[in-house]
Amino acid sequence: MNMYVDGFVLPVPKDKLAAYRAIARKAGKVWMEYGAVQYVECVEDDVKPGKSTSFPQAVKLKPGEVVVFSYIVYKSRRQRDSVNAKVMKDPRLNAMMDPKAMPFDGKRMFWGGFKPIVEM
C-alpha cells in the first residue's frame with residue numbers, strides 16, 4: 001500500500017488538554033472529510049527527557065505541560081497536498097487557527113511529511 005504520513009509533536013498545558021482535544025476532534029473530522037485515511041492524536045504516556053534529545057527537549061516542555069504526538073495518514077503525497085489545500089481553505093478550521101486562541105504554544109510545535117520505508 002502506498003501512503004504518506006504527516007507527523008506533529010507539540011507541548012500542551014495539562015489544564016488545556018480538554019480544549020486541545022475538542023479542537024483536534026473538529027480538525028480530524030475536516031481532514032477525514034477531505035480524504036485523509038487516518039487521523040490520530042496521542043498524549044504522552046511513557047515519555048522521558050533524554051541525555052541529548054527527546055520529545056520533551058524538542059518542544060522545550062515546561063512544568064505543567066504534556067507532549068502530544070499526532071499523525072495523519074494519506075494515500076500518497078499528492079493526495080496529502082490536495083487534502084491539505086482544501087483543509088487550509090475550510091472556514092471551520094480558520095475559526096480555530098487564531099494563534100492567540102490556541103490552547104498550546106505553536107512556536108514549539110514541529111511537524112513534517114514522511115514516506116514509509118517499512119510497512120507491515
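Here we summarise the structure given alongside this text. Computed from a predicted model, the values in this text were never measured in an experiment.

## Quick look at the pattern of salt bridges
So, step 1. The final tally for this structure, using the stated rule, is 8 salt bridges.
So, step 2. Where Arg92 meets Glu33, a salt bridge forms, and the shortest distance between an N and an O atom there is 3.0 Å. Of the two residues, Arg92 sits in helix 4 (residues 91-94) while Glu33 sits in helix 1 (residues 17-33), which places them 59 residues apart along the sequence.
So, step 3. Relative accessible area serves as the criterion here: at 40%, Arg92 is assigned to the partly exposed category.
So, step 4. Of the charged contacts, one joins Arg92 and Asp90 as a salt bridge, the two residues approaching to 2.7 Å between their closest N and O atoms.
So, step 5. Connected via shared salt-bridge partners are Asp6, Arg77, Arg80 and Asp81.

## Structural notes on a nonpolar patch on the surface
So, step 1. Taken together, Phe55, Phe69 and Phe110 make up a surface patch of nonpolar side chains, about 270 Å² in accessible area.
So, step 2. With respect to the helices, strands and loops of the structure, Phe69 is situated in strand 3 (residues 65-74).

## Some thoughts on the sheet that holds strand 2 (residues 38-43)
So, step 1. The 4 strands lie next to each other as 2-3-1-4, forming an open sheet whose pairing is antiparallel. Looking at which strands have only one partner, the edges of the open sheet turn out to be strand 2 and strand 4 (110-114). When the angles between neighbouring strand axes are averaged without regard to direction, this sheet yields 15 degrees.
So, step 2. Pairing geometry for strand 2 and strand 3, over 6 bridges, is antiparallel. Each residue of the ladder has a partner; that of Gln38, found in strand 3, is Val73.
So, step 3. Against the sheet, helix 1 contacts strand 1 (4-13), strand 2 and strand 3, and its axis sits at roughly 165 degrees relative to strand 2.

The rules behind each value
Residues numbered from 1 in each chain as written. Predicted model: local features only at pLDDT ≥ 70, side-chain atom pairs only at ≥ 80, totals over all residues. Heavy atoms only, no water. Salt bridge = Lys/Arg side-chain N within 4 Å of Asp/Glu carboxyl O. Helix = DSSP H or I, 4+ residues; strand = E, 2+ residues; numbered from the N terminus. Buried < 20%, exposed > 50% of the residue type's maximum accessible area, 1.4 Å probe, protein only. Patch = residues over 30% accessible without salt bridge, like charges linked within 9 Å, V, L, I, M, F, W, Y side chains within 5 Å. Areas by Shrake-Rupley, 256 points an atom, 1.4 Å probe, with all protein chains shown as cover. Pairing = 2+ DSSP bridges. Axes fitted to C-alpha atoms, helices over the stretch in contact; angles between N-to-C directions. Contact = heavy atoms within 4.5 Å.

Honestly, it's all geometry; don't read function into it.
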